[in-house]
Amino acid sequence: MFIPRLSRVAFWLAQELSRGKCPSQAISGYVQRPFSQFMQCQVGHRMENNMFHASIMQKNCLYSTTFSNDASGEEAEQKQKISVTFVDKDEEEKHIKVPIGMSMLEAAHENDIELEGACEGSLACSTCHVIVMNMEYYNKLEDPSDEENDMLDLAFGLTETSRLGCQVIAKPELEGIRLAIPVATRNFAVDGYVPKPH
Ligand code: FES
């Protein structure tokens, strides 16, 4: 590691001197800096004056830039939240912020909104039934799975924009979505309903 670095420095110095730079000026960039700055100085200079080194260092630079951009992008996405409004059976509205990736059932529970969710999101009930209040938003949702449709068929007060709250996952396109909580839910586990086997 050390020997190749020394030879690169020697090569760089030879180039500098051949361009007519004063030796002390050429050396000072390396010798008078702390090690980390020394590396930065080397990077910048090579990118400017030497194609071979520029390509290596550019690759490193790109790598580090990409790496940090990805990290900050992921971080930003994790922190990103959308605004969601729940409207309860008394037509009272509750405005909450929901992190991207969280289900509306989880979001409701975190914000003390009365949305039952008896099976805790395992698609074995319809007590997390919500009604998407705007068709435009309904169309932005993923299509319901067969299992979700089966459970929705059992939901009280089914509408054409009904979904199960545990299956509606926050994503940027849903910013501003409004969800009505039906006046009643049907929990067949409690009500004694046993779904027919397929
Ligand atoms: Fe049971 Fe959503 S909580 S299906």
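As the structure is a computational prediction, the values presented were derived from the model and not from experiment.

Enquirer: I'd like a rundown of the pairing of strand S3 (residues 129-132), residues and numbers included.
Expert: Side chains His129 and Ile131 of S3 all project onto a buried face; the interleaved residues Val130 and Val132 project onto the opposite face, where all are buried too. The pairing of S3 with strand S4 (residues 162-164) spans three bridges and is antiparallel. Residue Val130 lies in a different strand from S4, and its bridge partner there is Arg163. Summarising the sheet, S3 and strand S5 (residues 177-180) pair through two bridges and their orientation is antiparallel. Pairing of Val132 across the sheet is with Leu179, part of S5.

Enquirer: Tell me about the nonpolar core, residues and numbers included.
Expert: Grouped together as the largest cluster of nonpolar side chains are 30 residues, with contacts concentrated most on Ile82, Val84, Phe86, Val98, Met104, Leu115 and Leu179. Of all the elements, helix H5 (residues 104-110) adds the most residues to this core, at four residues. Apart from the residues within four sequence positions on either side, Met104 is in contact with Ile82, Val84, Phe86, Val98, Leu115, Gly165, Val168, Ile169, Ala170 and Leu179.

Enquirer: Hey, could you go over the environment of Ser83 for me, with residue numbers and the actual values?
Expert: Examined against the element boundaries, Ser83 turns out to sit in strand S1 (residues 81-87). Sequence spacing of Ser83 and Arg178 is 95 residues, and the spatial spacing of their C-alpha atoms is 9.0 Å. If we ignore the near neighbours within four places in the chain, the residues touching Ser83 are Ile96, Lys97, Leu174, Glu175, Gly176 and Ile177.

Enquirer: Account for unusual backbone geometry, naming residues and giving values.
Expert: Positioned with a positive phi, Glu91 is a non-glycine residue whose angle comes to about 65°. Along the chain, Glu91 falls in the loop between S1 and strand S2 (93-99). A positive phi angle is found at Leu123, which is not glycine, with a value near 60°. Tracing the chain through its elements places Leu123 in the loop between H5 and S3.

Enquirer: With reference to specific residues and values, describe the packing of aromatic side chains.
Expert: This model, assessed by the stated rule, comprises zero aromatic pairs. Sitting above the plane of the Tyr137 ring, Lys140 keeps its charged end 4.7 Å from the centroid.

Enquirer: Before we move on, can you summarise the environment of Glu148 with the specific residues and values?
Expert: Summarising the element assignment, Glu148 is placed in helix H7 (residues 146-152). When its relative accessible area of 1% is taken as the criterion, Glu148 is described as buried. C-alpha of Glu148 to C-alpha of Arg163: the two residues are 15 residues apart in sequence and 7.9 Å apart in space. Residues contacting Glu148, with those up to four places away along its chain left out, are Leu123, Arg163, Leu164 and Gln167. Looking at Glu148, its side chain comes within polar contact range of the main-chain nitrogen of Leu164, at 2.9 Å.

Enquirer: Give a detailed account of the pattern of salt bridges, specifying residues and quantitative values.
Expert: In a structure, side chains of opposite charge can pair up when their charged atoms sit close to one another. Applying the stated criterion across every chain yields a total of four salt bridges. A salt bridge links Lys140 to Glu136; its shortest N-O distance comes to 3.9 Å. Residue Lys140 is classed as partly exposed on the basis of its relative accessible area, which comes to 29%. Glu142 is paired through a salt bridge with Lys171; the nearest N and O atoms lie 3.5 Å apart. Residue Glu142 is located in the loop between helix H6 (135-138) and H7, and its partner Lys171 is located in the loop between S4 and S5; the two are separated by 29 residues in the primary sequence. Given the relative accessible area of 58%, Glu142 is considered exposed.

Enquirer: So what's going on with the environment of Ala155? Residues and values would help.
Expert: Structurally, Ala155 is set in the loop between H7 and S4. On the basis of relative accessibility, which here comes to 7%, the residue Ala155 falls in the buried class. Expressed as a C-alpha distance, the spacing of Ala155 and Cys125, which sit 30 residues apart in the sequence, is 8.4 Å.

Enquirer: How would you summarise the confidence of the model for the protein chain if you had to cite specific residues and measurements?
Expert: Detailed reading of the predicted model is not advised wherever pLDDT is low. On average, the protein chain scores 73 in pLDDT, and the residues at 70 or more come to 54%. Counted against residues more than four places away or in other chains, residues 189-198, with its pLDDT under 50, gives five contacts.

Enquirer: Tell me about the sheet that holds S4, and please be specific about residues and values.
Expert: With respect to topology, five strands assemble into an open sheet ordered S2-S1-S5-S3-S4, the strand pairing being mixed. Each having just a single partner strand, S2 and S4 make up the two edges of the open sheet. Taking the axes of each pair of neighbouring strands and ignoring which way they run, one obtains an average angle of 35° across the sheet. Pairing analysis gives four bridges linking S1 to S5, with the strands arranged parallel.

Reading the values: the criteria
Residues numbered from 1 in each chain as written. Predicted model: local features only at pLDDT ≥ 70, side-chain atom pairs only at ≥ 80, totals over all residues. Heavy atoms only, no water. Buried < 20%, exposed > 50% of the residue type's maximum accessible area, 1.4 Å probe, protein only. Helix = DSSP H or I, 4+ residues; strand = E, 2+ residues; numbered from the N terminus. Pairing = 2+ DSSP bridges. Core = buried A, V, L, I, M, F, W, Y, C linked by side-chain atoms within 4.5 Å. Contact = heavy atoms within 4.5 Å. Phe/Tyr/Trp six-rings, centres within 6.5 Å; stacked < 30°, edge-to-face > 60°. Lys NZ or Arg CZ within 6 Å of the ring centre and 35° of its normal. Polar contact = N/O pair within 3.5 Å; in protein donor to acceptor, adjacent residues only side chain to side chain. Salt bridge = Lys/Arg side-chain N within 4 Å of Asp/Glu carboxyl O. pLDDT = per-residue confidence, 0-100. Axes fitted to C-alpha atoms, helices over the stretch in contact; angles between N-to-C directions.

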